[in-house]
Amino acid sequence: MKADVFIGGGGIGGLTLALKLVQRGVNVVLAERMVVKAPTYKGELLQPKSMQIFDSLGLYEQICNRSNEIKVLDMLELSSSLQVKDQSFMDYSVLPGKYNAAYMMHHEELKTVILKAACAFDNFHYLKGVACKGYGDGTALLQKGTEKFEVEAQFFFGAEGRSSVTRKAMEVEVKQTTYNHHFLTVTFPRAEDFTDGKIISTYNRFLGLFPLPDDQVRSVYLIPPGDYKALKEKPISHFHKLYTDLAPVVDGYVQQLLDWKKIQLMIPVMYHADSYVKDNKAIIGDASHAVHPMAGEGMNMAIQDADVLGELTADMFERQQTDLTNLKWYEKVRYKRADHVIQLSHLAALAYSFPFKPVSYLRQRTFERMEEDPILHFKQMLNVSGLGMWKENVRDRFIQGGIMPVRIKDLAKDTKELRYYTPEEDYPWKTEGLI
Ligand SMILES: Cc1cc2nc3c(=O)[nH]c(=O)nc-3n(C[C@H](O)[C@H](O)[C@H](O)COP(=O)(O)OP(=O)(O)OC[C@H]3O[C@@H](n4cnc5c(N)ncnc54)[C@H](O)[C@@H]3O)c2cc1C
């Protein structure tokens, strides 16, 4: 079997990359080792930049129709007696333009939508139940059951997630950082009118609720490492109470979970590979970076990697400029953006990592100020959205810390839009040239 591009892994990253390439006429073979739907929960929150990318791929309407739009994340800080002490909002509508909301969509359903769109192209070859075992000379070494075979290609892209064989073949190491907490995660029914996201915390507890379509809600609840086993031995009513204590809105719904079977353990990790590209190979998504799930960015980073690598590779084939060094453009665009998001997610994680009252007080103050100061609010939402990057400066930190007063005046729409990545910044080789 022969292709222009071989992709290892049919998660959101690999599928988005495949769709992007086949739409531009590139011949793609994708191998996905799983035959059935993945049993574990994964990312489900689509940030505005991902929506912009899916719009360019012709999937925007389909995704909107199958997801729950989230305009606002409601951040509630509760007292020890579980009374609301403070409330602030992360509001996507401070972002001007079409992409001013996040969307919650079932992970496997999103994969199905992208796969279906890619399968409409004759130049897409999807190998289901086929594992990539490594690489030979210009070939990917594949295995289906006991049968072994090879695919010849010009480029090999690894989208196999955390345990990437392509990353291994590229001899790229990752150093994993772990956290002082784990999460319980589960999806269960919700009230029809509960559609905005909620992050509810006390000084030592955290619950995130992210409404999905079909009147369901995905939840994450922070626990100390090692507590999962002991928790599972308690009656399920103990789990219900952990949730209803913090979020009365789930009372009557979370109780529909009748045992611990669906409640999974999620262990957050962080890493960033030193490099994404070597010779004719590149890695995207979780193969190249993992972020703490607090800011809901993991899947979005995979989509954004796929967009840039896909556009670049398609341009290389179209212009017949397939020199391997061109692949470095992908790393040049994506590395610093991904690094910034990793740091943002890490900081967000730290804000909830330490179960002490002064930390909770500082967190509450920071969120309050972020909401009151329109520039801080815009910066926060811009960075989270993926539409642009605007780092916080010393003045911002002073405002957050209460040392300087908040700014009252909001930025004009045009000034905000100047902070969005331009097509020249997303795809700089189009103007600067390929070799
Ligand atoms: C357990 C878990 C829970 C998560 N929960 C959240 C969350 O709540 N919120 C959030 O924002 N993010 C979450 N994430 C992160 C988010 O889901 C990922 O960042 C995102 O799915 C990355 O997409 P990807 O395509 O790079 O990798 P993946 O989604 O991991 O897809 C990789 C695919 O490659 C396949 N594969 C692997 N090895 C091979 C091989 N050798 N040959 C062929 N195929 C192979 C796998 O079967 C899989 O389908 C979670 C991640 C994990 C692992």
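Above this text is the structure in question.
Just so we're clear, the structure is a prediction, and the values are computed from it rather than from any experiment. (Residues numbered from 1 in each chain as written. Predicted model: local features only at pLDDT ≥ 70, side-chain atom pairs only at ≥ 80, totals over all residues. Heavy atoms only, no water.)

Engineer: I'm lost on the site of the ligand in this one. Help?
Structural biologist: Surveying the vicinity of the ligand reveals 30 residues, the closest of which are Glu32, Lys42, Cys132, Arg218 and Asp286. At 2.9 Å, a backbone N or O of glycine 13 approaches an oxygen atom of the ligand. Among the elements of the structure, helix H1 (12–23), strand S2 (28–32), strand S9 (131–135) and helix H8 (298–318) are those that each provide at least two residues to the shell around the ligand. With three residues, H8 is the single largest residue contributor to the shell around the ligand. When the residues that make up the shell around the ligand are grouped by side-chain class, the tally is twelve nonpolar, ten polar and eight charged. (Near = heavy atom within 4 Å. Polar contact = N/O pair within 3.5 Å; in protein donor to acceptor, adjacent residues only side chain to side chain. Helix = DSSP H or I, 4+ residues; strand = E, 2+ residues; numbered from the N terminus. Nonpolar A, V, L, I, M, F, W, Y, C, P; charged D, E, K, R; others polar.)

Engineer: Would you explain the packing of aromatic side chains in this entry?
Structural biologist: Two descriptors summarise a pair of aromatic rings, namely the distance from one centre to the other and the angle between the planes of the rings. Applying the stated rule across the entire model yields 18 aromatic pairs. With centroids separated by 6.2 Å and ring planes inclined at 25 degrees, the aromatic side chains of phenylalanine 155 and phenylalanine 157 adopt a geometry described as stacked. Neither phenylalanine 155 nor phenylalanine 157 differs from the other in exposure class; each is buried. An aromatic cluster is built from Phe188, Tyr221, Phe239, Tyr243 and Trp260, whose rings are joined through pairwise contacts. (Phe/Tyr/Trp six-rings, centres within 6.5 Å; stacked < 30°, edge-to-face > 60°. Buried < 20%, exposed > 50% of the residue type's maximum accessible area, 1.4 Å probe, protein only.)

Engineer: What should I look at first to understand the pattern of salt bridges in this one?
Structural biologist: Pairs may arise between side chains of opposite charge once their charged atoms sit close together. Inspection of every chain in the model, using the stated rule, returns 30 salt bridges. A salt bridge links arginine 363 to glutamate 77, with the nearest nitrogen and oxygen atoms 2.8 Å apart. Taken together, the residues arginine 363 in helix H10 (residues 357–372) and glutamate 77 in strand S5 (residues 72–78) connect sequence positions 286 residues apart. Classification of arginine 363 as buried rests on a relative accessible area of 5%. Sharing partners across several salt bridges, the network here consists of Lys20, Arg24, Asp307, Glu311, Asp315, Glu318 and Lys430. (Salt bridge = Lys/Arg side-chain N within 4 Å of Asp/Glu carboxyl O.)

Engineer: I tried to follow the environment of alanine 273 on my own but got confused; where do I start?
Structural biologist: Mapped onto the elements of the fold, alanine 273 is located in the loop between strand S18 (269–272) and strand S19 (277–278). Between the alpha carbons of alanine 273 and lysine 198 there is a distance of 32 Å; along the sequence they are 75 residues apart. Those residues within four positions of alanine 273 in sequence are excluded, and the remaining contacts are Val172, Glu173, Val174, Ile283, Ser288 and Tyr335. (Contact = heavy atoms within 4.5 Å.)

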